[in-house]
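# Structural features, examined
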Amino acid sequence: MHQVKVQQFEGPLDLLLSLIEEQKLDITQIALAQVTEQFLQYIRQLEQLDATTLADYLSIAAKLLVIKSRAILPSLEVEMEEEDPALDLTAKLLLYKQFKEAAKYFKQLDNRERQSFTRATAFSERINFYPDAAVTTGLLRKNILNVLQSLRELDNLPKAQIKEAISIQEKIDQLQVHLSSQIETKLSTLLAGAKNKSEAIVTFLALLELIKQKIFMVDQEALFADVTIRKYEKSETEH
Amino acid sequence: MTDLQSQIQSILFVSNKPLTRKALAKITGQDESAVRQALAELAELHKDSGIVLLEADEGYQLASNSANSEIVKNFLNADLREKLTEATVEALAIIAYRQPISKAELEAIRGVNSQYSLRALLMRGLVEKIPNPDDARGSLYRVTTEFLQHLGLTRVEDLPDFTELVAKIKLPEIPPAETGDPQKGSPEQ
């Protein structure tokens, strides 16, 4: 039995066909229900699927799940807007398999390497470049200089610099180091040290995290007053 | 050879692109059915010669006989056309047998988005896009003379009949009726 490699399928129908044939299962509702789990597992393996491809797989997976649900709960009445998903899927699989066979035949034709050629041979290699009769060396020179000039302008476009970003985790570490050498500090002090708005925000988020983890505690004497930050102490009962 | 056949042959000889029956009728001043007849006879005449008449929906074109593939490509100092990939060959087979076909129909059969395969086929000129007569916003796809040249055919009808080609293809199956007869299942092939 051959090992099925990930990514080797041409799509969900190809995958499903392979799962069913590998198990030598009849295409019955039961069989389709049995391969549902494998099918879903395969989808989970495909992490780098783009959304469109994933949608194709999910659409088949949804059909399989309906079939499986019915196999488990025969009394289940699913409201069908369309045709019976099992019948529908069987027809799809058969048609797909037929075209797979046709594709095999095409591949044979391809492999026998019997090709014909027309007068205007279709090879890009044979397309030659003939400059217009009016073209002179001076004109070419002028144009290439123009191109170079515009490239230079492109090069001189204002550049944005990637700002140094600081992660919350880094900030948490910083704050802890900061408070290990001091008894308390003020929020205003911390924010004054921030280089920009995003660092101020990160500082605040880091502070919230430290409070949540009960590493720091804060105190504010009045509304809008400065916030005092201390290391968390168990003895202090309320906050 | 009739005058019309001779004229058409000359025109196709000097043309570097496929010509439709309509265009040939216009050039020769004959009606399309006469042109069709002449073309069929020309195709027959050329069948075993070094030059064959390619017949696609996009038009007619003279081409070297694919039996001489090797020496012609050597003479042209060119490579043969690149082989088809699995995905493109699948899409191509569907288009060839179902043409003209929409992208949606193609994708319904393959069960998978076929944007890339279609684009690859279009770029290689193996299929072309035509307006859908039933839907002004949609397009249909069909195979080209380049397709015929690639696979060494002279017309799509040279392909085996689809029903015959896939006659042996069955699913390992019992029809999924409510009470399927479990005895009926037969192993594949």
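Thresholds applied
Residues numbered from 1 in each chain as written. Chains lettered and ligands numbered in written order. Predicted model: local features only at pLDDT ≥ 70, side-chain atom pairs only at ≥ 80, totals over all residues. Heavy atoms only, no water. Helix = DSSP H or I, 4+ residues; strand = E, 2+ residues; numbered from the N terminus. Areas by Shrake-Rupley, 256 points an atom, 1.4 Å probe, with all protein chains shown as cover. Core = buried A, V, L, I, M, F, W, Y, C linked by side-chain atoms within 4.5 Å. Buried < 20%, exposed > 50% of the residue type's maximum accessible area, 1.4 Å probe, protein only. Contact = heavy atoms within 4.5 Å. Expected span 1.5 Å × (residues − 1). Arc of directions from axis to C-beta. pLDDT = per-residue confidence, 0-100. Pairing = 2+ DSSP bridges. Axes fitted to C-alpha atoms, helices over the stretch in contact; angles between N-to-C directions. Buried area = accessible area lost by both parts, 1.4 Å probe. Salt bridge = Lys/Arg side-chain N within 4 Å of Asp/Glu carboxyl O. Polar contact = N/O pair within 3.5 Å; in protein donor to acceptor, adjacent residues only side chain to side chain. Nonpolar A, V, L, I, M, F, W, Y, C, P; charged D, E, K, R; others polar.

### Here we look at the overall build of chain B
- What chain B contains, in helices and strands, is nine helices and five strands.
- Along chain B, helices and strands appear, N-terminal first, in the series α-α-α-β-β-α-α-β-α-α-β-β-α-α.
- Split by element, the accessible area of chain B, about 10300 Å² in all, is 50% carbon and sulfur.

### Topic: the nonpolar core
- The biggest cluster of nonpolar side chains holds 37 residues, and the ones touching the most others in it are A:Phe106, B:Leu92, B:Ile95, B:Tyr97, B:Val143, B:Phe147 and B:Leu159.
- At the level of secondary structure, the elements contributing two or more residues to this core comprise helix H4 (85-111) of chain A together with strand S1 (51-56), helix H5 (86-98), helix H6 (103-110), helix H7 (115-123), strand S5 (135-143), helix H8 (145-151) and helix H9 (162-165) of chain B.
- Tallying contributions element by element places H5(B) first for this core, with eight residues.
- For B:Leu92, the residues in contact, after removing those within four places along its chain, are A:Phe106, B:Leu84, B:Leu121, B:Leu126, B:Val127, B:Val143 and B:Phe147.

### Considerations on helix H6 (residues 168-180) of chain A
Residue and element names in this part refer to chain A.
- Between its terminal C-alpha atoms H6 stretches 18 Å, which fits the 18 Å expected from 13 residues at 1.5 Å a residue.
- Every buried residue belonging to H6 is among Lys 171, Ile 172, Leu 175 and Leu 179, and all of these are buried. Take H6 and look down its axis: the buried residues cluster within an arc of 105°, on one side only. Exposed and facing more than 90 degrees away from the buried side of H6 are Val 177 and Ser 180.
- Where H6 is buried, its residues contact strand S1 (184-186), helix H7 (187-192), helix H8 (197-212), strand S2 (216-220) and strand S3 (227-231).

### Details of the confidence of the model for chain B
Residues and elements named next belong to chain B.
- This prediction gives chain B a mean pLDDT of 87; 90% of its residues lie at or above 70.
- Contacts of residues 174-189 to residues separated by more than four positions or lying in other chains number 23 contacts, the stretch itself having pLDDT below 50.
- For this predicted complex, the interface score ipTM comes out at 0.82, while the overall pTM is 0.63.

### Focus: the sheet that holds S5(B)
Residue and element names in this part refer to chain B.
- If you walk across this open sheet you meet the three strands as S3-S5-S4, and the pairing is antiparallel. At either end of the open sheet lies a strand with only one pairing partner, and these are strand S3 (101-102) and strand S4 (127-132).
- On top of the sheet, H5 reaches S3, S4 and S5; it is set at about 105° to S5, its chief contact.

### Describing the interface of chain B and chain A
- Between chain B and chain A, the contact holds 60 residues from the first and 49 residues from the second.
- Interface of chain B and chain A: buried area, both sides summed, is about 5000 Å²; carbon and sulfur atoms make up 61% of it.
- One can count one salt bridge joining chain B with chain A.
- Where A:Glu113 meets B:Lys83, a salt bridge forms, and the shortest distance between an N and an O atom there is 3.8 Å.
- On the surface where chain B and chain A come into contact, there are 17 residue pairs in polar contact (both at pLDDT 80 or more).
- Here the side of chain B that touches chain A is built from residues that sort into 34 nonpolar, 13 polar and 13 charged.

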